[in-house]
Amino acid sequence: MKKNKKREFQSSELVKSFARIHGFEDKLIAFEIKDFLEDYLDESLFQEIVSVNLDDKIIQISINSPLLKNDFKMRKSFYLKKFQDKFGEEKFIDLQIL
C-alpha cells in the first residue's frame, strides 16, 4: 500500500513553461530530486535530508546526520550518475554535500 506524499505534483507542460518564464525551473528539478531520494532512501535516512537545491547545474544537498553525510560524500559519483541517468546528463555537472 503506497502512502500519499505531502507534495504530489505533476510537471505538466503548463507548469514547466510557467517555471521557465518566471525562472524557477531549477527549483522544480530540485523537488523531483528530493522525491527521487524519498523513494530511494529508507524513511529514517530521508528524514536527515534538510534541503535539496540546484544552483548553476550543481546539486546541493544539506544533510543533518554526519554518517549519512559521509556516505553521500564517499558515493558522490554514484549519486551524481544516478541523477544524471534519471534527469539527463546535461542538467548536472557536480554534487555538493553540505
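Residues numbered from 1 in each chain as written. Predicted model: local features only at pLDDT ≥ 70, side-chain atom pairs only at ≥ 80, totals over all residues. Heavy atoms only, no water.

Q: I tried to follow the environment of Ile-29 on my own but got confused; where do I start?
A: Tracing the chain through its elements places Ile-29 in helix H2 (residues 25–40). The spacing of Ile-29 and Ile-59 is 30 residues in sequence and 9.7 Å in space, taken between C-alpha atoms. What Ile-29 contacts, discounting residues up to four positions off in sequence, is Leu-54, Lys-91 and Phe-92. (Helix = DSSP H or I, 4+ residues; strand = E, 2+ residues; numbered from the N terminus. Contact = heavy atoms within 4.5 Å.)

Q: In this structure, what is going on with the nonpolar core? I would like to understand it.
A: Nonpolar side chains tend to gather and get buried jointly when the protein is soluble and globular. Ranked by internal contacts, the top residues of the largest apolar core, which has 22 residues, are Leu-37, Ile-61 and Phe-83. At the level of elements, H2, strand E1 (49–55), strand E2 (58–63), helix H4 (66–74), helix H5 (76–87) and strand E3 (94–97) are the ones that each hand at least two residues to this core. Of the residues forming this core, the biggest block, five residues, is contributed by H2. The contact partners of Phe-83, leaving out residues within four places of it in the chain, are Ile-33, Phe-36, Leu-37, Ile-59, Ile-61, Gly-88, Phe-92 and Leu-95. (Core = buried A, V, L, I, M, F, W, Y, C linked by side-chain atoms within 4.5 Å. Buried < 20%, exposed > 50% of the residue type's maximum accessible area, 1.4 Å probe, protein only.)

Q: Explain the side chain of Ser-62 here, please?
A: Assignment of secondary structure puts Ser-62 in strand E2. Setting aside its immediate chain neighbours within four residues, Ser-62 contacts Glu-48, Ile-49, Val-50, Ser-51 and Leu-98.

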